[in-house]
Amino acid sequence: MDDNIKFLTFARTALKNLFSKPATVKYPYEPAKFTQRSRGHIEIASEQCIACGLCMRNCPPGAIKVDRAAGTWTINPFDCVQCGNCVSLCPKKCLSIVAGYTKPQAHIETQTVKVSPPGPAGKKAPEASQAPLA
């Protein structure tokens, strides 16, 4: 008797889903609509970054790495949980959360950008060190 009730519950749900609108959209064939609360992904304005490392030290999953000696800022988008902690703590406000999805990838890739940390006495490094990584 108990099995009949379970089957009837399942049948009712199946019929309801059969005759209702799909719950998903046809992304990527139709443009995605982002709500106000969607978080998106992290982007950096590398020319403003001073490589202080506050974002790296306060990233809960450890998705951000700052190498001051090499002048690089790296993020692993698969580890990032889009909490916004790095954005709120950045003293130069060079990090931002941009609405949108990261592009699908077949394997994990990190994103590395060249930044120019300040030299001695807080002076910016020479312009030649701002060449992007290949």
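A brief report on the enclosed structure follows. Just so it is clear, the structure is predicted and the values come from calculations on it, not from any experiment. Each chain has its residues counted from 1, running along the sequence as written. In keeping with the predicted nature of the model, local features appear solely for residues at pLDDT of at least 70, side-chain atom pairs appear and are counted solely at 80 or more, and the whole-chain, interface and lining totals rest on all residues. To obtain the side-chain values, all non-hydrogen atoms of the structure were used and water was disregarded.

**Regarding the overall build of the chain**
Note the threshold: Where helices and strands are cited, they refer to DSSP runs of H or I of at least four residues and of E of at least two residues respectively, numbered from the N terminus. Only protein chains enter the accessibility calculation, which uses a 1.4 Å probe; a residue whose area is less than 20% of its type maximum is buried, one above 50% is exposed, and one in between is partly exposed. The criterion used for residue contact is that any of the two residues' heavy atoms lie within 4.5 Å. Per-residue and other accessible areas were derived by the Shrake-Rupley procedure at a 1.4 Å probe size, with only the shown protein chains allowed to occlude residues.
Across its full length, the chain holds 3 helices and 5 strands. Its helices and strands in sequence order give the chain the pattern α-β-α-β-β-α-β-β, from N to C terminus. Taken over 134 residues, the chain has a buried fraction of 22%. The contacts of the chain with a sequence gap of at least 6 include a subset with a gap of at least 24, amounting to 66%. Accessible surface, the chain as shown: approximately 10200 Å² in total, 59% of it carbon and sulfur.

**Description of the sheet that holds strand β3 (residues 72-75)**
Note the cut-off: Strands were regarded as paired on the criterion that DSSP finds at least two bridges between them. Lines fitted to C-alpha atoms define the axes here, with helix axes fitted over just the stretch in contact, and angles between the N-to-C directions of these axes take values from 0 to 180 degrees.
The 3 strands lie next to each other as β2-β3-β5, forming an open sheet whose pairing is antiparallel. If you trace the sheet from one side to the other, it starts and ends with β2 (64-67) and β5 (111-114), each paired once. Strand after strand, the sheet turns through a mean of 15 degrees between neighbouring axes, direction not considered. Direction of pairing for β3 relative to β5: antiparallel, over a ladder of 4 bridges. In the sheet register, Thr 72 faces β5, and the bridge partner there is Lys 114.

**Remarks on unusual backbone geometry**
Unlike most non-glycine residues, Gln 82 shows phi in positive territory, near 50 degrees. Turning to its location among the elements, Gln 82 is positioned in the loop between β3 and α3 (85-89). Non-glycine residue Lys 93 carries a positive phi angle of around 55 degrees. In this fold, Lys 93 is placed in the loop between α3 and β4 (95-98).

**Quick notes on the nonpolar core**
Quick note on the threshold: Nonpolar cores were defined as sets of buried Ala, Val, Leu, Ile, Met, Phe, Trp, Tyr and Cys residues, with membership established by side-chain atoms within 4.5 Å.
Core analysis: the biggest nonpolar cluster contains 17 residues, and Ile 42, Ile 44, Cys 55, Ile 64, Trp 73 and Leu 95 have the highest contact counts within it. Of all the secondary structure elements, the ones that give two or more residues to this core are β1 (41-44), β2 and β3.

**Thoughts on the side chain of Thr 74**
Put simply, the test is: Any pair of nitrogen or oxygen atoms within 3.5 Å is treated as a polar contact; in protein, a donor-acceptor pairing is required on top of that, and neighbouring residues in sequence qualify only through side-chain atoms on both sides.
Within the fold, Thr 74 resides in strand β3. Within the local environment of Thr 74, its side chain forms a polar contact with the side chain of Thr 112, the two groups lying 3.1 Å apart. Ignoring anything within four residues of it in the chain, the contact list for Thr 74 reads Ala 63, Ile 64, Lys 65, Thr 110, Gln 111 and Thr 112.

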